[in-house]
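# Inside the fold
Okay, here's what each chain looks like letter by letter:
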Number of protein chains: 2
Amino acid sequence: MSDNDKLQAMRHSLAHITAAAVQRLWPQAKFGVGPVVKDGFYYDIDIDKVTISTDDFAKIEAEMRKIIEEKQAFERSEKQIDDAIGWAKEAKQPYKEELLNDLKRSGTTVASDLNADELGTIADGEGVVENVSFYTNGDFTDLCRGPHVGSTSEVGAFKLLRVAGAYWRGKETNPQMQRLYGVAFETKEQLDHYLELQEQAKQRDHRKLGKELDLFVTSELVGSGLPLFTPRGTVLREELTEYSNDLRENYGFEKVWIPHITKTALYEKSGHQAKFGDELFLVKSQETSDEFVLKPMNCPHHTRIYASKPRSYRDLPVRYLETTTVYRDEKTGELGGLSRVRSITQDDSHVFCRGDQIEQEIANLLAAASEIYKAVGMDLRVRLSYRDDSDGYLGDPALWKTAQDQLRNAVEANGLKYFEVEGEAAFYGPKIDFMATDALEREHQLATVQLDFVQPDRFELEYISDDGSRQTPVMIHCALLGSVERFLSVYIEHTGGKFPVWLAPEQIRVIQVKDSPELDAFVDKLVALAKENKVRIVVDRTNESVGKKIRAAEVLKVPYSVVIGEKELETGKLTPRVRKDLAVEGRQDEAYELEKLISSIANEVRSRAQNSSI
Amino acid sequence: MSDNDKLQAMRHSLAHITAAAVQRLWPQAKFGVGPVVKDGFYYDIDIDKVTISTDDFAKIEAEMRKIIEEKQAFERSEKQIDDAIGWAKEAKQPYKEELLNDLKRSGTTVASDLNADELGTIADGEGVVENVSFYTNGDFTDLCRGPHVGSTSEVGAFKLLRVAGAYWRGKETNPQMQRLYGVAFETKEQLDHYLELQEQAKQRDHRKLGKELDLFVTSELVGSGLPLFTPRGTVLREELTEYSNDLRENYGFEKVWIPHITKTALYEKSGHQAKFGDELFLVKSQETSDEFVLKPMNCPHHTRIYASKPRSYRDLPVRYLETTTVYRDEKTGELGGLSRVRSITQDDSHVFCRGDQIEQEIANLLAAASEIYKAVGMDLRVRLSYRDDSDGYLGDPALWKTAQDQLRNAVEANGLKYFEVEGEAAFYGPKIDFMATDALEREHQLATVQLDFVQPDRFELEYISDDGSRQTPVMIHCALLGSVERFLSVYIEHTGGKFPVWLAPEQIRVIQVKDSPELDAFVDKLVALAKENKVRIVVDRTNESVGKKIRAAEVLKVPYSVVIGEKELETGKLTPRVRKDLAVEGRQDEAYELEKLISSIANEVRSRAQNSSI
């Protein structure tokens, strides 16, 4: 049994133990299904009029611990299907009875009602069902496919986490049950680590921090999924996309600009209309009969610029870059914070190149991606998605082969960690996905590099090759951050809002201890110096005490703050307070001339340093 | 008679002379109306099956000159309305007969069929018409209000310019006539100057230059009024808006970011829905029942950011800045090039301030506007639009009074040329329009500064004043360029595509005389130097001759080009070719070290110089 299989069996066994404990406490309880899910398990339970609350968790967990201490063996048995139905009737378990009847009738597992990442609990595979298996521990018996651990003492560390309403088999017309969730790991240390990360995730929730740090707001009048960015949030957007653009401009990318609406004809030509037509926002003119859509991607527009003049093999690669917004018609229930929005800003780019130029172009983009993720302090690994031998892929198979080789070569040349997956390519070309791991050990797919053999053909793009013949270029789609909004949702939680100096919306805060013409002049001088050096400075002009002002700067996680009073005026020197995570040991409490302080910060900004040099 | 009235009379008299000449050439001609228009006049004519073409202009002009040489007096006479109708019948002038019948029936002038800038030709004002006036010169008599010059010899210099089809009285169901246009000025010099400007305008048409200089393209698949900007055009957009933003950031403006769609609820609240609801692009979700619109302005969104937290009088002014696109549902027939587009990018900004801060804020914006228009080499004057005593204005009259005074003070303090117009304010506040004169002596209204006493109220915006009471801020809307697209349409024609160095999409072009490893290395060094100094450099890598490459750089109006061959390699020095309009006398033909050349250009870019220092 692999480690993972063992963990699954432990979690599955804990689902049974949870149900057994509930049955001891509420003998009338009726049970639905109890699968393993990410990090733990749940069980769907119906106890008539009893509502389980978090207040009951201690009681249930105590009962579970008793069962664990009793070291009950998990014993497997089989029943013929009709006997099993009889058992369910007798045990007054109508949900189990329904499942068994379905199983008898259709011969398929009921697990298809469950999500893909949940394990079915009753029967494997398809076909005629004759026998079904049961597992018993102590006086609790459950219809179950297994496997389980040997005894209830082998289930590791666990904790009940929450309880939520859930319709039986996910249908709104069915009775509502209570879904009792638990998390479980092999060791107490792992569980504690998990719970600590969960707690941190709650503290770092980007919607919470977005409000506390004054980064973005939503408005009922504007609508859900349509956040508006305050000056502070806009600094983050601008700094990140400017960096992303600069990195690519170094490799010869040039900015272009396209409108956000288009006639649907463009997507009929590209083929997107047939595939994604239902997911588009439709735009109607009232003055004319014109019908438009909001663009859901930028590539078809960019092909129109490529195609606007003749291209020679000497002109390639042509590289376009644009930070622009696309629109996706998401269901309202799926919208929240910045993770899922309806207007999505991409740091998009498209290369039009010859087949023999793919490797170099990919290498450039990988180098750019590596640099930006290093600057934001996130680990990267890449997934290479190739075609398999099935029929669904368009484009010349020989081109696929050399292109996939070029992708791998470029990834290896850049020294990136990678893994390869066959059959995961898009129908129009192989791709590279960047997986970034955040401070809470969560992996996110953000940037992507995608080859495209199909759109150039559909749009009849061409270049004149060195032998004078007309050839079709290859397209490479790439966004380094991906969606700016989604990147920010991850990045705000990754940093907990403690942005590095170069990204911090406010880099230095001034706290003046009292009003006086001399102090005012001193502060004005500092502000002017900062602005000259493009350091973002704010003077706290509220009517609060110095202590409260220091606290306010901490809440906003400002990298540096300086208190300015008589002493500073006298000595002409400032001793900055450095945000803890940035501080390098032994460097604190030093006093700086204004010029030196500002130029040090300006240097950190320019070099996108991770730590303070002050 | 003022100079302008005299010129009007001359042009009006020329309309009669045109008709008289046509009547001599084609006695069957029937006449419609012949008003004065901007720069000249026209006459609507129907000659049955005869089609006048530009080939006939010499013949008509010769006949006109005869009439002029005959020094015919313009003689006024009056007829009772029924006698006038009898005259028209007898003269076989059915159009005049129709006009007279209408005049008799309705008592109003028919001039209401004409555009606002055209003068009616028959009768003044309203009321019962008893007598109508006629003017006769030689054997030609026309129904006419006058006035005219004394004789046909006093009409100055003229030229027939074009002929176009025009429906009688502008209705498609009426017969089509031929509208014969002429231009006229007091002197031959003025006429020649006008014709020269016309010719230049044709050469400089921004649609023509947009193509020649590879600045923007359109696509049938995307739709009309939705231009796409190439890398070269995007440089212009970016440089201009960055400058416009920088100027305001110096005054404490901060960038924000808003989505391009919103629920209509936002415009119901702002009041725009009631006023402009028909002109909005409607956006429909297919996944939900949500209905959105594409934003036609940004102020309501920006109020949502202001309102997202409490504000104190110490926090004001709050200044938001955003280059963002709005959408106007224009009729397809009205779209062309960049002058009138459906997606309009504004360099928009909004100040939220106290009443006593208006003057300083306006002064800042005027200074920024003065600087940017100086940098693009256009003359500015401003129009101050105030309220009058009528009822249509919202907001406290005392606030209007002090605000208007503050506007005038700020304009005077900035030393701007200005004129004041009462009754031209918007209902929600007084405003300043910037009128910029281009190289073809055309005046364009581009930037605008607009006070707003109404939206802050509608959106319940507030701040806590120093006495603790809740107060409503004033809003100031301002765009320095206005619409980026429209600004470019004017600016491309203003410069004829000869952009100053700081704006030029390509600043220096390299022409390498032949391929050799040594020359390649030399060119690479120059390119690297340029990029380091953020100078936009292009190497012409086509297979053409040096002569053709030089010509290509000229067509693209590149400020500098350098030819690099053995001599340059040997001496290590380059002699740049400077675009003629930039060149300062006595500075040509100097040879520069690479470093010196690039640093000189970089300096010109930084200082936004109008002329070359090379």
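Residues numbered from 1 in each chain as written. Chains lettered and ligands numbered in written order. Predicted model: local features only at pLDDT ≥ 70, side-chain atom pairs only at ≥ 80, totals over all residues. Heavy atoms only, no water.

Time to look at helix α14 (residues 484-495) of chain B. Residues and elements named next belong to chain B. For α14, built from twelve residues, the straight-helix expectation of 16 Å at 1.5 Å per residue is met to within 8% by its first-to-last C-alpha distance of 16 Å. Along α14, eleven of the twelve residues are buried, which leaves the element largely enclosed by surrounding structure. One or two residues past the end of α14 sits G496, with phi positive at roughly 60°. (Helix = DSSP H or I, 4+ residues; strand = E, 2+ residues; numbered from the N terminus. Expected span 1.5 Å × (residues − 1). Buried < 20%, exposed > 50% of the residue type's maximum accessible area, 1.4 Å probe, protein only.)

A few words now on a negative patch on the surface. Residues A:E242, A:D246, A:E249, A:E254, B:E242, B:D246, B:E249 and B:E254 make up a contiguous surface patch of negative charge. Only α7 (231-249) of chain A together with α7 (231-249) of chain B provide two or more residues apiece to the negative patch. Within the element layout of this structure, A:D246 appears in helix α7. Here A:D246 falls in the partly exposed class, since its relative accessible area comes to 31%. (Patch = residues over 30% accessible without salt bridge, like charges linked within 9 Å, V, L, I, M, F, W, Y side chains within 5 Å. Areas by Shrake-Rupley, 256 points an atom, 1.4 Å probe, with all protein chains shown as cover. Salt bridge = Lys/Arg side-chain N within 4 Å of Asp/Glu carboxyl O. Lys, Arg positive; Asp, Glu negative; His and termini not counted. Charge placed at Lys NZ, Arg CZ, Asp CG, Glu CD.)

Turning to the interface of chain B and chain A, a few remarks are in order. Each partner contributes residues to the interface: chain B has 65 residues there, and chain A has 65 residues. The junction of chain B with chain A conceals about 5,500 Å² of combined surface from both sides, 58% of it contributed by carbon and sulfur atoms. Here A:K255 makes a salt bridge to B:E238, at a shortest N to O gap of 3.0 Å. Summed over the shared surface of chain B and chain A, the number is 38 residue pairs in polar contact (both at pLDDT 80 or more). Residue composition of the side of chain B that touches chain A, by class: 25 nonpolar, 18 polar and 22 charged. For strand β13 (residues 282-284) of chain A and strand β13 (residues 282-284) of chain B, the ladder comprises three bridges, and the chain directions are antiparallel. The residue bridging A:V283 from the neighbouring strand is B:V283, located in β13(B). (Contact = heavy atoms within 4.5 Å. Buried area = accessible area lost by both parts, 1.4 Å probe. Polar contact = N/O pair within 3.5 Å; in protein donor to acceptor, adjacent residues only side chain to side chain. Nonpolar A, V, L, I, M, F, W, Y, C, P; charged D, E, K, R; others polar. Pairing = 2+ DSSP bridges.)

A word on the pattern of salt bridges. Two side chains carrying opposite charge are able to pair once their charged atoms lie near each other. One pass over the full model with this rule turns up 91 salt bridges over all chains. A:D214 is the salt-bridge partner of B:K309, the closest N and O atoms lying 2.8 Å from each other. Placement of B:K309 in the loop between α10 (299-306) and β15 (318-327) and of A:D214 in the loop between α6 (206-212) and β9 (216-217) is noted, with the two residues assigned to different chains. The class for B:K309 is partly exposed, based on a relative accessible area of 38%. Under the relative-accessibility criterion, A:D214 is labelled buried at 17%. Where salt bridges share partners, they join A:R24, A:E63, A:K66 and A:E70 into one cluster.

Okay, the sheet that holds strand β18 (residues 418-422) of chain B next. Residues and elements named next belong to chain B. Spatially, the eight strands line up as an open sheet ordered β11-β15-β16-β23-β20-β19-β17-β18, and their pairing is mixed. What marks the edges here is a single partner per strand, and that holds for β11 (254-255) and β18. Taken together, the six bridges between strand β19 (residues 431-437) and strand β20 (residues 443-452) define a ladder with antiparallel strand orientation. Note that in β20 the partner of T437 across the bridge is E443. Along the sheet, α7 makes contact with β11, β15, β16 (343-353) and β23 (474-483), crossing β23 at roughly 150°. Strands in contact with α14 are β16, β19, β20 and β23; relative to β23, the strand with the most contacts, it is inclined by about 40°. (Axes fitted to C-alpha atoms, helices over the stretch in contact; angles between N-to-C directions.)

Residues and elements named next belong to chain B. Relative to the helices and strands, I344 is located in strand β16. Look at I344 and you get buried, because its relative accessible area is 10%. Linking I344 and T324, residues 20 residues apart in sequence, is a C-alpha distance of 8.2 Å. Discounting chain neighbours no more than four positions away, the residues touching I344 are T324, T325, V326, R328, S483 and E485.

Here the focus is the domain arrangement of chain A. Taken as a whole, chain A is organised into domain 1 (3-195), domain 2 (209-495) and domain 3 (508-607). For domain 1 of chain A and domain 3 of chain A, the distance between their C-alpha centres works out to 59 Å. (Domains from an automatic or database assignment.)

Let us now look at unusual backbone geometry. Cis peptide bonds are those with omega within 30 degrees of zero, and the linkage from A:G146 to A:P147 qualifies with -5°. Relative to the assigned elements, A:P147 resides in the loop between β6 (140-143) and β7 (157-167). A cis amide bond, omega -5°, links B:L316 with the succeeding residue B:P317. Following the sequence through the fold, B:P317 ends up in the loop between α10 and β15. If you check the backbone angles, B:E460 has positive phi at about 55° while not being a glycine. For B:E460, a relative accessible area of 57% corresponds to the exposed category.

So, about the environment of B:D44. All names here are of chain B. Looking at where D44 falls in the secondary structure, it is placed in strand β3 (residues 40-46). The spacing of D44 and A19 is 25 residues in sequence and 8.9 Å in space, taken between C-alpha atoms. For D44, the contacting residues outside a window of four places in its chain are K30, F31, G32, V33, A166, M177, Q178 and R179.

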